[in-house]
Structures are given as C-alpha cells and as structure tokens.
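Each chain, written out:
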Amino acid sequence: MIIGIIGGTGGQGLGIALRFAEAGEDVIIGSRSLEKAQAAVDRVKELLGDVKNIRAMTNPDAAKAADILVLTVPLEAQKATLLSIKEGAAGKPLLDATGPLESCIGGSATKYIDLPEGSAAERSQAILPEAKVICAFNNISQTWFMQLGEPIDCDCLISGDDQAAKDLVTPLIEKIPGIRVIDCGKLERACIIEKITPLLIGLNIKNKCQFGGIRITGLDRGRVC
Ligand SMILES: NC(=O)c1ccc[n+]([C@@H]2O[C@H](COP(=O)([O-])OP(=O)(O)OC[C@H]3O[C@@H](n4cnc5c(N)ncnc54)[C@H](OP(=O)(O)O)[C@@H]3O)[C@@H](O)[C@H]2O)c1
C-alpha cells in the first residue's frame with residue numbers, strides 16, 4: 001500500500017509521513033510545490049537515515065500514485081486542495097485530519113467552527129463524493145508524531161461510511177507504535193471527534209504542554225448486567 005500525504009509539508013502531515021515511513025510503509029509527501037515536498041522528504045531522511053520508502057510529488061500526482069490518502073491542510077485550504085486531487089482520489093480511502101478551528105478565520109484555536117455540512121470530514125465527502133472519506137488523526141498532535149522512538153500515548157478515533165475502507169486503514173494506522181484505532185461509526189460522528197481537538201488545544205495551553213491526547217477506556221470489559 002502506498003500512502004500519499006496531501007499537504008504533507010506542514011507539521012501534521014510531516015509527522016504522519018515520518019511515522020508511516022518509520023513503520024516501513026511506502027510514503028509520498030505531496031505539496032503544491034514539488035521543491036517544498038522534496039524538502040520535507042529530505043527532513044524525514046535526516047531523521048530516519050537515507051530510507052528509500054519516501055518520495056516527493058505534487059498533490060495531484062501523489063493522489064494518483066497512492067492507494068490511501070491522508071489530508072493534512074488547514075480548513076481554508078481544504079476545498080481547493082481536494083479539487084486539485086479529485087481525479088486521483090476517486091475510489092480511495094481518504095483520511096481527513098482537517099480541524100474546523102476558529103483560528104482558520106483569525107480567531108482562537110480553542111474554538112470550533114460549525115460547518116453547514118456538519119463537520120470538516122463531511123465537507124470533504126461533499127467535495128469529493130467518489131472518495132471514501134474517513135475522519136482520522138484529528139486528536140493526535142504533531143508533537144507526538146515527531147517523538148521518534150516513543151510510542152504515541154493516544155487513541156485514533158475514526159469515523160466513516162465505508163466499513164471496508166475503515167477495515168483497510170485500521171491495521172495500517174496501528175503500525176504506528178502506541179496508537180489504537182477506535183471506530184466511532186458513520187461519518188456523521190466526525191463532528192464529535194473534531195470537537196475534541198480544540199478541547200485538547202485548550203488543555204495543552206492550560207497545562208503548558210503539547211502532548212494532550214485522548215484514550216477511550218473500558219470497551220473490553222463486557223457488561224455487568
Ligand atoms: N498540527 C497538529 O498538531 C494537528 C493536530 C490535529 C489536526 N490537525 C489538522 O491537520 C491539518 C494540518 O495541520 P498543520 O498544522 O500541518 O497545517 P499547516 O502546517 O498550516 O499546513 C499544512 C500544509 O497545507 C498547505 N497549505 C497551507 N495553507 C494553504 C493554503 N492557503 N492553500 C493551499 N494549501 C495550503 C501547505 O502545503 P504546501 O504549501 O506544501 O502545499 C502546508 O504545508 C489542519 O487542518 C489541522 O487542523 C493538526
């Protein structure tokens with residue numbers, strides 16, 4: 001499986017690319033600029049050594065070449081970026097990390113923006129109806145991804161309407177040490193998952209840290225009555 005990180009030159013995309021490359025997966029870092037994508041690949045190689053399983057492409061080429069896509073751009077770039085990969089994304093799982101945060105319109109990153117579609121992931125699905133959009137990676141900070149060698153102490157809450165696509169990406173995401181995937185159901189659940197992100201950002205600010213995350217407990221204990 002080839003993983004294409006669309007907008008993989010920013011903090012979140014680079015971190016996810018780093019961890020998938022470390023796990024031995026074939027990774028493409030996508031960007032609007034091939035030079036910028038190559039600089040991000042060079043950065044990963046600085047951190048991992050001269051690995052061969054990561055390369056640079058423009059976003060449209062990355063979408064065409066990859067089997068699974070990860071979208072890591074700010075909300076304000078979401079629509080234009082998705083339209084630029086429309087052809088390549090058709091029929092493929094697209095893991096959407098987009099955070100609908102008020103900071104996208106000059107406000108606070110601790111506040112959520114209500115979108116007419118219900119969530120950023122549902123907005124992605126409306127823009128690219130032929131992609132299999134899965135809300136993912138919203139609640140894990142780039143700081144965690146960049147701690148190479150350290151298991152990530154976070155669950156990855158996902159939601160999406162295509163069960164086969166979720167079943168395909170779950171073992172892949174869990175190749176990143178420490179992460180457990182929790183399938184939260186249909187894509188309409190994305191608004192709940194996305195709302196946890198500004199909560200975590202606020203907790204990070206309050207506690208002067210960058211590692212705030214979430215674990216769901218008790219799911220394997222069965223019922224008592
Ligand atoms: N950072 C985190 O810890 C974190 C955690 C959870 C969720 N998220 C979400 O993940 C997404 C990415 O976060 P990030 O911090 O990595 O974002 P970022 O660094 O601001 O941007 C990521 C990439 O998106 C592209 N981009 C930025 N502005 C653009 C524009 N106006 N038009 C087109 N492309 C643009 C750029 O790629 P090129 O210039 O190379 O094309 C940029 O390198 C966001 O939606 C965020 O809410 C982030």
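Here the structure is a predicted model, which is why all the values come from computation and not from measurement. (Residues numbered from 1 in each chain as written. Predicted model: local features only at pLDDT ≥ 70, side-chain atom pairs only at ≥ 80, totals over all residues. Heavy atoms only, no water.)

A. Structural detail: helix 2 (residues 34–48). Helix length check: helix 2, at 15 residues, gives a terminal C-alpha distance of 21 Å against a target of 21 Å (1.5 Å per residue), a fit within 8%. Turning to helix 2, its buried residues number three or more, namely Ala37, Ala40, Val41 and Val44. Along the axis of helix 2, the buried positions cluster into a sector of 100 degrees, meaning they face one direction only. With respect to the buried face of helix 2, the exposed residues turned more than 90 degrees away are Glu35 and Glu46. Here the buried face of helix 2 lies against helix 1 (11–22), strand 2 (26–31) and strand 3 (54–58). Downstream of helix 2 by one or two residues, Gly49 has phi in the positive range, about 90 degrees. (Helix = DSSP H or I, 4+ residues; strand = E, 2+ residues; numbered from the N terminus. Expected span 1.5 Å × (residues − 1). Buried < 20%, exposed > 50% of the residue type's maximum accessible area, 1.4 Å probe, protein only. Arc of directions from axis to C-beta. Contact = heavy atoms within 4.5 Å.)

B. Looking closely at the side chain of Gln78. Looking at where Gln78 falls in the secondary structure, it is placed in helix 4 (residues 75–84). The buried category is assigned to Gln78, whose relative accessible area is 0%. Setting aside residues up to four positions removed in sequence, Gln78 forms contacts with Leu71, Val73, Asp96, Thr98, Ala120, Arg123 and Ser124.

C. Highlighting the environment of Ala109. Structurally, Ala109 is set in the loop between strand 5 (93–96) and helix 6 (120–127). Spatially, the C-alpha atoms of Ala109 and Ile205 are 10 Å apart, while their sequence positions differ by 96 residues. Discounting chain neighbours no more than four positions away, the residues touching Ala109 are Leu101, Ser103, Pro198 and Ile201.

D. Broad picture of the layout of surface pockets. By volume, the largest pocket amounts to about 900 Å³. Around the largest pocket, the lining comprises 39 residues; the ones closest to its centre are Gln12, Thr72, Val73, Pro74 and Gln142. Residue assignment for the lining of the largest pocket shows that the elements contributing at least two residues are helix 1, helix 3 (59–65), helix 4, helix 7 (142–145) and helix 9 (190–206). At five residues, the largest contribution of residues to the lining of the largest pocket is made by helix 4. (1 Å grid on protein atoms, 1.4 Å probe; cavity = no way out; pocket = protein on both sides within 12 Å on 5 of 7 lines; lining within 4 Å. Points joined across faces, edges and corners; volume = space filled by probe spheres on them.)

E. Local environment of the sheet that holds strand 8 (residues 180–183). Read from one edge of the open sheet, eight strands run 3-2-1-4-5-6-7-8, paired in mixed fashion. The open sheet has two edge strands with one neighbour each: strand 3 and strand 8. Within the sheet, the average angular offset between the axes of one strand and its neighbour, ignoring direction, is 25 degrees. By the bridge criterion, three bridges tie strand 4 (residues 68–71) to strand 5 in an arrangement that is parallel. Looking across to strand 5, one finds that Leu69 is bridged to Leu94. Against the sheet, helix 2 makes contact with strand 2 and strand 3, and its axis sits at roughly 165 degrees relative to strand 3, the strand it touches most. Here helix 6 sits on the sheet in contact with strand 4, strand 5 and strand 6 (132–135), set at roughly 170 degrees to strand 6. (Pairing = 2+ DSSP bridges. Axes fitted to C-alpha atoms, helices over the stretch in contact; angles between N-to-C directions.)

F. Seen up close, the packing of helix 4 against helix 6. Axis separation between helix 4 and helix 6 bottoms out at 10 Å; the angle between their running directions is 25 degrees. When the interaxial angle is binned, helix 4 and helix 6 end up roughly parallel. Crossing handedness for the pair helix 4 and helix 6: right-handed. Between helix 4 and helix 6, the residues in contact are Leu75, Gln78, Lys79, Leu82 and Leu83 and Ala120, Arg123, Ser124 and Ile127, respectively. (Parallel < 35°, antiparallel > 145°, perpendicular 65-115°, else oblique. Left-handed = near helix turned anticlockwise from the far one by under 90°.)

G. Looking closely at the pairing of strand 3. When strand 2 meets strand 3, the two strands line up parallel, connected through five bridges. Bridge pairing links Val27 to Ile54 in strand 3.

H. Fine view of helix 9. With 17 residues, helix 9 should reach 24 Å at 1.5 Å per residue; the first-to-last C-alpha distance of 25 Å fits that figure. All of the buried residues in helix 9 are Ala190, Ile193, Glu194, Ile196, Thr197, Pro198, Leu200 and Asn204. Summarising the contacts, the buried residues of helix 9 are in contact with helix 6, strand 6 and strand 7 (155–160). Just beyond helix 9, the residue with positive phi is Lys208, at close to 50 degrees.

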